[in-house]
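# Structural overview for review
The residues making up each chain are set out below.
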Amino acid sequence: MTVAALPDFTSSYQLTWPISLDELGGILERVRQRRLRESALQPAEFIGVSDSSRSVRQLVSQVAPSSATVLVTGESGTGKEVIARQLHERSGRTGAFVAVNCGAIPPELLESELFGHEKGAFTGATGLRKGRFELAHKGTLFLDEIGDMPLAMQVKLLRVLQERVIERVGGVRSIPVDVRVVAATHRDLEARIQQQRFREDLFYRLNVVELNIPPLRERRDDVIPLLDEMVRRSIARHGIGVSFSDEAMDMLEQHAWPGNVRELANLVERLVVLRPHAVVRLIDLPREISGLTEPVGAAGQSVASLVENAIAPSVALPDEGISLREHIETIERNLIREALSMSDGVVAKAAKLLGLQRTTLVEKIKRLGL
Amino acid sequence: MLIFRVGSERRERQFSQQGWAGMIMSAGSAGSVVVIDPDQQSARTLQQMIEFLDTPSVVIADEDNWAAAVDDTVELVFLGRGLADSPAREIETQLLRDRPSLAVVRIRDDSGSAA
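Reading the values: rules and limits
- Residues numbered from 1 in each chain as written.
- Chains lettered and ligands numbered in written order.
- Predicted model: local features only at pLDDT ≥ 70, side-chain atom pairs only at ≥ 80, totals over all residues.
- Helix = DSSP H or I, 4+ residues; strand = E, 2+ residues; numbered from the N terminus.
- Buried ≥ 20, exposed ≤ 12 C-beta atoms within 10 Å, placed from the backbone.
- Contact = placed C-beta atoms within 7 Å.
- Arc of directions from axis to C-beta.
- Pairing = 2+ DSSP bridges.
- Axes fitted to C-alpha atoms, helices over the stretch in contact; angles between N-to-C directions.
- Parallel < 35°, antiparallel > 145°, perpendicular 65-115°, else oblique.
- Nonpolar A, V, L, I, M, F, W, Y, C, P; charged D, E, K, R; others polar.
- Core = buried A, V, L, I, M, F, W, Y, C linked by C-beta atoms within 7 Å.
- pLDDT = per-residue confidence, 0-100.
- Expected span 1.5 Å × (residues − 1).

## Side note on the overall build of chain A
- The secondary structure content of chain A amounts to 16 helices and 12 strands.
- Within chain A, the proportion of its 370 residues that are buried is 38%.

Structure follows, in structure tokens:
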């Protein structure tokens, strides 16, 4: 099982006491794996050499210092939050950058999330709680997936944008807020207005400046610089890099990238885990990218091929030499991590995959700080 | 350092191996962990188990001071067996409302109910 395919650790989970070390190890491993996946290989800046990327960056520079509301549009995974953060960082505003995913919060909780609530406002409101608008005072509030906001909430948001005051749920006091709003959506808001699912007046209030991020397939020149940055970040964060053959690079440039930059980042994460320090060839790429019909590649690797690749990574000995002991430890660490990943963190299963006694593996895990 | 010259006739598609000796995979730990449990004995047992398997910073808290313990660096929260159902549910709700992506693990006694 690859890291990318590891089932996500659900936010709420139950264990029965007494807990075994295997169970606990599985939990810790899943949290660790999730962090690895979310390790922000996606660049913190909007990277690209294409004309459209340059235009986006120029517009960000022009708009950022103003307090104008910005609507960032673009397909999922294009980097809308990256743009929103850059708008904030270059705005000179002293408050925080606060992000809310309007599509991820249940409608009945959204008002409380945005505006906060007073103690006793509803069942479970055990204390006063500030909302995201108040938390973003003198800063920037990023309203992601604004197209998914319920209509009833759109009315309240419009009023806040017009009057610049909020009222907490259950409160009677109007609280002034100085917040710069950046909204984003992957939806066609004008179409949703036609469908009466989005308010036209709110659209015009948000769309003071529209910043459209083109999909990656329309800026193929950006693929390689993005890849370069992601590998840089991987080396900086995890100490692992990969390199690519010419054929693999050509194919990556030709791919349509329906998941955009996020898809590219996920691919790099997977390759870094499965082929650390190796040269990625065409056959190592997922079939949907390589176009090859045989079930080969990173996702379809057998344990045997993983072992072979780990033991004999395709790297040249650098001029300055290496520490063989540390290199062997790296291989050992990688194989143990992969075995734990494949066994959902169950040490006994991982030990079987590695041909070790469970106690030996536990000792190694502790010694290697895994 | 990576070498990549975009726009050159034959692009350098190679990432240099500089600093290879330093490229030791840092697996890291599960990060900061908070155990919320008024039962100090079971909390300490869990802390020791986590430290045996991992090397994170484990903080023990109770019903009164958990909010201060769960800061932005915390990735995992255990709601210990010493917490009764009602406060455990309340804490879990508040945690997930503030940090929807936080990993929260509820621990129950073998009997099926929290102690």
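## Quick notes on the overall build of chain B
- When helices and strands are tallied, chain B shows three helices and six strands.
- Walking chain B from its N terminus toward its C terminus, one meets helices and strands in the order β-β-β-α-β-α-β-α-β.
- Classification of the 115 residues of chain B by burial places 39% in the buried group.
- The long-range fraction of contacts in chain B, counting pairs at least 24 apart against all pairs at least 6 apart in sequence, stands at 65%.

## Details of helix α15 (residues 347-354) of chain A
Residue and element names in this part refer to chain A.
- Residues of α15 that are buried include every one of V347, A350, A351 and L354, and no others. Looking straight down α15, one finds its buried side chains confined to an arc of 100°; they lie on one side.
- Looking at the residues trailing α15, positive phi occurs at G355, about 70°.

## Some words on the environment of R99(B)
All names here are of chain B.
- Note on placement: R99 falls in the loop between α3 (85-98) and β6 (103-109).
- Judged by C-beta crowding, with 16 C-beta atoms within 10 Å, R99 ranks as partly exposed.
- Taking the C-alpha atoms as reference points, R99 and E75, separated by 24 residues in sequence, lie 9.8 Å from one another.

## Considering unusual backbone geometry
All names here are of chain A.
- For the bond from W17 to P18, the omega torsion is 5°, close enough to zero to count as cis.
- Position of P18 among the secondary structure elements: in the loop between β1 (12-17) and α1 (21-37).
- Of note, the phi angle at Q196 is positive, near 60°, even though the residue is not glycine.
- Of note in the backbone geometry, W257 takes a positive phi value of approximately 50° without being a glycine.
- On the basis of neighbour count, W257 is assigned to the buried category, with 25 C-beta atoms found within 10 Å.

## Thoughts on the sheet that holds strand β3 (residues 97-101) of chain A
All names here are of chain A.
- Pairing within the open sheet is parallel, and its five strands lie in the order β3-β6-β9-β2-β10. This sheet does not close on itself; its edge strands, each paired only once, are β3 and β10 (209-213). Strand-to-strand twist across the sheet, computed as the mean angle between neighbouring axes with direction ignored, equals 20°.
- Relative to strand β9 (residues 180-185), strand β6 (residues 140-144) runs parallel, the two sharing four bridges. Bridge pairing in β9 places F142 opposite V182.

## So, the packing of α15(A) against helix α16 (residues 358-367) of chain A
Residue and element names in this part refer to chain A.
- Packing of α15 against α16 brings their axes to within 9 Å, and their N-to-C directions diverge by 100°. Taken together, the axes of α15 and α16 lie roughly perpendicular to each other. Contacts between α15 and α16 pair V347, A348, A350, A351 and L354 from the former with R358, L361 and V362 from the latter.
- Residue composition of the contact of α15 with α16, grouped by class: seven nonpolar, no polar and one charged.

## Considerations on the nonpolar core
Residue and element names in this part refer to chain A.
- Ranked by internal contacts, the top residues of the largest apolar core, which has 37 residues, are V72, L87, F133, L143, V182 and A183.
- Put simply, the parts of the chain that give this core at least two residues each are α2 (51-63), β2 (70-74), α3 (80-89), α4 (107-115), β6, β9, α8 (200-206) and β10.
- Discounting chain neighbours no more than four positions away, the residues touching A183 are L71, L143, I146 and L206.

## Concerning the pairing of β6(A)
- β6(A) sits mainly inside the fold: five of its five residues count as buried.
- On β6(A), burial covers both faces: T140(A), F142(A) and D144(A) on one face and L141(A) and L143(A) on the other are all buried.

## A word on the packing of helix α9 (residues 223-238) of chain A against helix α10 (residues 246-254) of chain A
Residues and elements named next belong to chain A.
- Between α9 and α10, the least distance of the axes is 9 Å, while the angle of their chain directions is 115°. Here V223, I224 and L227 of α9 lie close against α10, whose contacting residues are M249, L252 and E253.
- Residues that form the contact of α9 with α10 fall into these classes: five nonpolar, no polar and one charged.

## Details of the confidence of the model for chain B
Residues and elements named next belong to chain B.
- Counting all residues, the mean pLDDT for chain B is 67, and 61% of those residues have values of 70 or more.
- Between the elements of chain B, mean pLDDT differs from a low of 29, seen in strand β2 (residues 14-15), to a high of 89, seen in strand β3 (residues 32-36).
- For the stretch residues 1-30, pLDDT sits under 50, and the model shows 71 contacts to residues farther than four places along the chain or on other chains.
- Predicted complex, confidence summary: ipTM 0.71, pTM 0.56.

## Here we look at the environment of T73(A)
All names here are of chain A.
- Relative to the elements of secondary structure, T73 occurs in strand β2.
- The class for T73 is buried, based on 20 C-beta atoms found within 10 Å.
- In the structure, T73 is positioned 111 residues away from A184 in sequence and 5.7 Å away in space, judged by C-alpha atoms.
- In this view, T73 contacts T185, E210 and N212; residues no more than four positions away in its chain are not counted.

## Details of helix α11 (residues 260-274) of chain A
- Taking 1.5 Å of rise per residue, 15 residues should cover 21 Å, and α11(A) covers 22 Å from first to last C-alpha, within 8% of that figure.
- Among the residues of α11(A), those classed as buried are N260(A), V261(A), L264(A), A265(A), L267(A), V268(A), E269(A), L271(A), V272(A), V273(A) and L274(A).

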